[in-house]
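# Inside the fold
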Amino acid sequence: MMQVVPNAAIPARAVRVSTGKDYWTILFGMWLIGGVFVDGFAHNHGVVETFFTPWHAILYSGFMASAIWMVWLLYVSKRTTGAPWTKAAPVGYGLGLIGVLIFLLGGLGDMYWHVVFGIEQSIAALLSPSHLMLLLGALLILSSPFRASWHNENMTKPGWLEFAPAFLSLVLTVGAVSFFLMYAWMFRYNLPAASSVDWYVSQFGYGMVVENNETRGLAFILLNTLVLMYPVFLLMKRWQLPYGSLALLFAIVMVMMNVLDGFEFYQSIILGGAVGLLGDLLYKWLKAGEGRMWAQRIIAAVLPIALWGGYFGYMQAVDGIGWSAELWSGAIVEAALLSVGLQLLAAPRAKG
């Protein structure tokens, strides 16, 4: 049921949806994001020919379910508070309703774009203006339960039943961002593998092409570190996390990204889950949930080292590493430094 929230940080008589209703928002969001990833799989395997496909049907029906649900929440909130439509949105859902409008406009634009310019292929499909509008709308919709929980001052040390909507909201949002950066998702490539490097050297000689691929791989590692670690810092900044949060965060994002290639790179799921579990153990052992910044900074440094150390370790075991020791080891260290820098930016300001 809806309840009026007495919180000075939000408008008077603002309405907060119940945890149960947040679960429904997540369910419809999973429907929407599921359509996104199935559509991505179709694009990657060359089976998309028109705008009117089964994949788009899943995507846009998921959007319609999310849109109808969020508009219904707005209607109930208006009846509860008597506020104007522009101020009646439940706590955390205002931007989500704007996202509904943006997604609708992006969908109409996408249909027009396909009719006029045809079906995009490869990276172009991720960069068309209509698809970027869909991304923005989806991010605002999917992140609504996270924002709602963020502004719930009574939610500081939640159990899983209460925490799951906020957590899944963040995970789905990270998944959507990762989807649109699939061309830079390092776990889909074997750029540092000895066989890959040897092929490039045999075809082009050691020169600009090989060096560009090394630069590309390093950039991918740093970008993936940012995408995976910043959500960790947001979670640690706001809540005392239930055990298993980090393992599930890493593993679920890896599962979502594996959908795009038919789980060809399933090893990344095992690696991500193991690294996240290490983070959970450190979080518990170091009591990082009690506001110990030094403990959170240890987590910030250790997880990228474990993630990319595991990545290069597995590659060495199955194929060998074609990068120089300075390059692959330096990439791990640089990822750890980036992560610690992000934690410093995300951490609460010191008092006094």
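Residues numbered from 1 in each chain as written. Predicted model: local features only at pLDDT ≥ 70, side-chain atom pairs only at ≥ 80, totals over all residues. Heavy atoms only, no water.

### Some points on the side chain of Ser245
Looking at where Ser245 falls in the secondary structure, it is placed in helix 10 (residues 245-259). Looking at Ser245, the relative accessible area reads 0%, which means it is buried. Within the local environment of Ser245, its side chain forms a polar contact with the backbone oxygen of Pro242, the two atoms lying 2.6 Å apart. Not counting the four nearest positions on each side in its chain, Ser245 is found in contact with Trp160, Phe163, Phe167 and Asp280. (Helix = DSSP H or I, 4+ residues; strand = E, 2+ residues; numbered from the N terminus. Buried < 20%, exposed > 50% of the residue type's maximum accessible area, 1.4 Å probe, protein only. Polar contact = N/O pair within 3.5 Å; in protein donor to acceptor, adjacent residues only side chain to side chain. Contact = heavy atoms within 4.5 Å.)

### Here's the deal with helix 12 (residues 293-318)
Here helix 12 spans 38 Å end to end across 26 residues, near enough to the 38 Å set by a 1.5 Å rise per residue. Buried within helix 12 we find Ala295, Gln296, Ile299, Ala300, Leu303, Pro304, Leu307, Trp308, Tyr311, Phe312 and Met315. Phi turns positive, to about 95°, at Gly320, one or two residues after helix 12. (Expected span 1.5 Å × (residues − 1).)

### Details of the nonpolar core
Counting 94 residues, the largest nonpolar core has Phe103, Phe187, Leu235 and Trp308 as its most contacted members. Mapped onto the domain boundaries, this core takes at least three residues apiece from domain 1 (16-165 + 180-184) and domain 2 (186-351). Leaving out residues up to four positions away in the same chain, Leu235 has contacts with Phe146, Phe163, Phe167, Leu170, Leu241 and Leu249. (Core = buried A, V, L, I, M, F, W, Y, C linked by side-chain atoms within 4.5 Å. Domains from an automatic or database assignment.)

### Quick look at the domain arrangement of the protein chain
Split by domain assignment, the protein chain resolves into domain 1 (16-165 + 180-184) and domain 2 (186-351). If you average the C-alpha positions of domain 1 and of domain 2, the two centres end up 27 Å apart. The partner domain 2 presents 25 residues to the 22 residues of domain 1 that form the contact. Carbon and sulfur atoms supply 69% of the area that domain 1 and domain 2 bury against each other, a total of about 2,000 Å² over both sides. Interface area lost by domain 1 to domain 2 is led by Phe37, Trp150 and Ala184, which between them contribute 31%. Our count for the contact surface shared by domain 1 and domain 2 stands at zero salt bridges. Where domain 1 packs against domain 2, one counts 10 residue pairs in polar contact (both at pLDDT 80 or more). Looking at the side of domain 1 that touches domain 2, the elements with two or more residues in it are helix 1 (19-44), helix 6 (144-150) and helix 7 (160-179). Broken down by element, the residue count for the side of domain 1 that touches domain 2 peaks at five residues, all from helix 1. (Buried area = accessible area lost by both parts, 1.4 Å probe. Salt bridge = Lys/Arg side-chain N within 4 Å of Asp/Glu carboxyl O.)

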